[in-house]
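Results of the structural survey
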Amino acid sequence: MKRNVINLFALLFTIVLTSCSAESVEDSITTTETQKNYSHSNEELEVLDLINTYRVNQGLTPLSIIEHISYKSNEHNNYMVSVNAVNHDGFEQRKVNFENVLGAYRVGENVAFGYSSPQSVVNAWIASSGHLSNIEGDYTHFGISITLDAEGRKYYTNMFIKK
């Protein structure tokens, strides 16, 4: 019994979720980057499909995938893996990149760590008000990346934009 409680506690501490969003304001950061291509895994496409299915069931319009959003999500996952922490570091730079490269004027971000399946991470995001507000938000496009660290643990970055 005590071991089960300790294992449950350890699991809860390893599963982490955070969300972030912002609307565009005049900013002095600029970029000359162009849109990047990204090849989605089946798991990534499943997460996007689950989010769109949820949106449609709530009477919201489905979002369109933009590979560049997933490319930037993957960059952020690689950063989180390198620092061994789930965070929104660099969100402002990603937001400005989407404004400049994609014409976005609203950007949101959900990140997660440690979930084993697309359904489990989407369920967790839906159960969290901050993440849910991004999933149900007034966005038009999205992207995702799922990255494994050296121990096989999954990092997720799911970004949303409106343009």
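The text that follows walks through the structure, step by step, so that each part is easy to find.

About the criteria used
- Residues numbered from 1 in each chain as written.
- Predicted model: local features only at pLDDT ≥ 70, side-chain atom pairs only at ≥ 80, totals over all residues.
- Heavy atoms only, no water.
- Salt bridge = Lys/Arg side-chain N within 4 Å of Asp/Glu carboxyl O.
- Helix = DSSP H or I, 4+ residues; strand = E, 2+ residues; numbered from the N terminus.
- Buried < 20%, exposed > 50% of the residue type's maximum accessible area, 1.4 Å probe, protein only.
- Phe/Tyr/Trp six-rings, centres within 6.5 Å; stacked < 30°, edge-to-face > 60°.
- Core = buried A, V, L, I, M, F, W, Y, C linked by side-chain atoms within 4.5 Å.
- Contact = heavy atoms within 4.5 Å.

Some thoughts on the pattern of salt bridges
Under the criterion given, the structure shown has nine salt bridges. In this structure, Glu-99 engages Lys-95 in a salt bridge whose closest nitrogen and oxygen atoms are separated by 2.9 Å. Taken as a pair, Glu-99 and Lys-95 lie in helix 4 (residues 91-102) at a separation of four residues, close to a single helical turn. The two residues Glu-99 and Lys-95 agree in class, both being buried. In this structure, Asp-149 engages Arg-153 in a salt bridge whose closest nitrogen and oxygen atoms are separated by 2.7 Å. Residue class for Arg-153 comes out partly exposed when judged on its relative accessible area of 33%. Residues participating in the shared-partner salt-bridge network are Glu-92, Lys-95 and Glu-99.

Let's talk about the packing of aromatic side chains
Enumeration over the complete set of coordinates arrives at four aromatic pairs. Here Tyr-139 and Phe-160 contribute two aromatic rings whose centre-to-centre distance is 5.5 Å and whose plane-to-plane angle is 35°, an arrangement assigned as tilted. Separated by 21 residues along the polypeptide, Tyr-139 in the loop between helix 6 (129-135) and strand 4 (141-148) and Phe-160 in strand 5 (residues 154-162) bring together distant segments of the chain. Pairwise contacts between aromatic rings join Tyr-139, Phe-142 and Phe-160 into one cluster.

Quick word on the nonpolar core
Residues Val-47, Ile-51, Val-121, Trp-125, Tyr-156 and Phe-160 are the most contacted members of the largest nonpolar core, which totals 20 residues. Among the elements of the structure, helix 2 (42-57), helix 5 (118-127), helix 6, strand 4 and strand 5 are those that each provide at least two residues to this core. Sort the elements by how many residues they give to this core and helix 2 lands first, with five residues. Every residue in contact with Val-121, bar those within four places of it in the chain, is listed here: Val-47, Ala-112, Tyr-115 and Tyr-156. Among the nonpolar cores identified, the runner-up in size contains 10 residues, and Phe-91, Val-101, Ala-104 and Met-159 belong to it.

Geometric descriptors of this kind do not, in isolation, establish any biological role.
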